[in-house]
Amino acid sequence: MSHAFDLTLLLLLTASALAAIRTKDLLGAVVIFSTYSLLLCLIWQHRGAPDVAMTEAAVGAGVTTVLFLVAIGKTVRRER
Amino acid sequence: MKRALTAALLVLLALPLLYAVAQLPPHGSASSPPYTHVSPRYLERGPVEAGAENVVTDVILNYRGFDTNGEVTVIFTALAAVLAVLLGVRKDAGPVAGEPRAMSPVSPVVSFVVRLLAPFVALFAIYVILNGHVSPGGGFQGGAIIGALVIVTTVIVGRSQAEALVPARARRLLQAAAPLTFVCIGIAGLLMFGDYLAFPRVADLAWLRTAWLIAIEMGIGVGGAAIIATIFWTMGDE
């Protein structure tokens, strides 16, 4: 049961990582990337590392996303 | 010729590295030294020896305090690099590089929710920092939460108002809070117990040990939050 949960999360994680790379719309890619961080946060928590999970949620899903958004706001939204 | 030389050098570098890797115990092997000596020692004696019930905090701040000291210095250096790059670019572009971009108005729903939740988020962040030696969390986590809170607050009230909350003179000091606290505690350990970053080990001084742990957590939290906020504010500049 526990393994099935981990496996599902890992599959979703891989899928979101690939989607983030393949998306040409950078805004979309950033949103997918923050999903990736949230999934990774769940994995950390489930593997018994709440300290890392908290950091992942705050930095990975929160701060990094915002910094990416600011960077997109100052450049272009489409990948060339 | 140059390419052949480069390849030869790379091979020469790779061989000893690969040899060293081949000598490592197999990944996950239960008989490798970290699992036979290091981890059990941390888990069994961490709370007694290092002073924090949260073993992660024991390892980060006490057993491997040197690593963390270097780590916060790296983060501070990263801020310095970011500021050097961003501020340098702005100077080159000149003051009339472009019209200031009009901020799109914030939705009242977002504004209301942020205003409603902000005090609780702040309280949670302080709890995470101050309670980091007992429960999961600590300076890095709490600092990141405060940094995120500063970012959403800036989005709601605007940069000038948010920045006014931090006195201009204290800013540099706050950004350097983490390495400064670490070095202060390190030197205190040097003076009192003869080693840089030495923590009190006798039971009588357990209160001092806890106080130092909390002081470092607070330094890391404040410094981390200030660094995140500064990077965000500087990026949003122009």
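By convention here, each chain's residues receive numbers from 1 onward along its written sequence. Lettering of chains starts at A and numbering of ligands starts at 1, both following the order in which they are written. Whole-chain, interface and lining totals are the exception, using all residues; otherwise, since this is a predicted model, local features are given only for residues with pLDDT of at least 70 and side-chain atom pairs are given and counted only at 80 or more.

Our focus in this paragraph is the nonpolar core. Nonpolar side chains in soluble globular proteins tend to be buried together. In this description, a nonpolar core means buried residues of the types Ala, Val, Leu, Ile, Met, Phe, Trp, Tyr and Cys, linked to one another by C-beta atoms lying within 7 Å. Neighbour density around each residue's C-beta defines its exposure: 20 or more other C-beta atoms within 10 Å make it buried, 12 or fewer make it exposed, and counts between make it partly exposed, where C-beta atoms are placed from the backbone. In this structure, Ala58(A), Val63(A), Ala144(B), Ile145(B), Ala148(B) and Ile228(B) are the most contacted members of the largest nonpolar core, which totals 52 residues. Where helices and strands are cited, they refer to DSSP runs of H or I of at least four residues and of E of at least two residues respectively, numbered from the N terminus. At the level of elements, helix H2 (26–46) and helix H3 (50–74) of chain A together with helix H3 (55–63), helix H4 (65–93), helix H5 (108–130), helix H6 (139–157), helix H9 (177–193) and helix H10 (206–235) of chain B are the ones that each hand at least two residues to this core. When residues of this core are assigned to their parent elements, the largest contribution, 13 residues, is made by H10(B).

Before going further, it helps to examine the packing of H3(A) against H10(B). For any two helices packed against each other, the geometry comes down to the angle between their axes and how far apart the axes lie. Close contact between H3(A) and H10(B) brings their axes to 10 Å; oriented N to C, the two are set at 15°. Taken together, H3(A) and H10(B) sit at an angle that is classed as roughly parallel. In the crossing of H3(A) with H10(B), the sense of the turn from one axis to the other is left-handed. Across the interface between the two elements, Val63(A), Val66(A), Leu67(A) and Val70(A) of H3(A) pack against Ile228(B), Ile231(B), Phe232(B) and Met235(B) of H10(B). For helices, the fitted line uses only the C-alpha atoms of the stretch in contact; every axis is such a line through C-alpha atoms, and the angle between N-to-C directions lies from 0 to 180 degrees. Reported orientations rely on four angle classes, namely roughly parallel under 35 degrees, roughly antiparallel over 145, roughly perpendicular from 65 to 115, and oblique for the rest. By definition, turning the near helix anticlockwise from the far helix through less than a right angle yields a left-handed crossing, and turning it clockwise yields a right-handed one. Once C-beta atoms are placed from the backbone, any two residues with those atoms within 7 Å are in contact.

All names here are of chain B. By secondary structure assignment, the location of Leu208 is in helix H10. For Leu208, a count of 15 C-beta atoms within 10 Å puts it in the partly exposed group. Along the sequence, Leu208 and Ser135 sit 73 residues apart, while their C-alpha atoms lie 19 Å from each other.

Let us now look at the packing of helix H2 (residues 33–49) of chain B against H3(B). Residue and element names in this part refer to chain B. At their nearest, the axes of H2 and H3 sit 9 Å apart, and the two run at 85° to each other. Taken together, the axes of H2 and H3 are roughly perpendicular relative to one another. Residues Tyr42, Leu43 and Gly46 of H2 touch H3, and the partners they reach there are Val55, Asp58, Val59 and Tyr63. Here the residues of the contact of H2 with H3 sort into five nonpolar, one polar and one charged. Just so you know the grouping, Ala, Val, Leu, Ile, Met, Phe, Trp, Tyr, Cys and Pro go in nonpolar, Asp, Glu, Lys and Arg go in charged, and all remaining residues, Gly too, go in polar.

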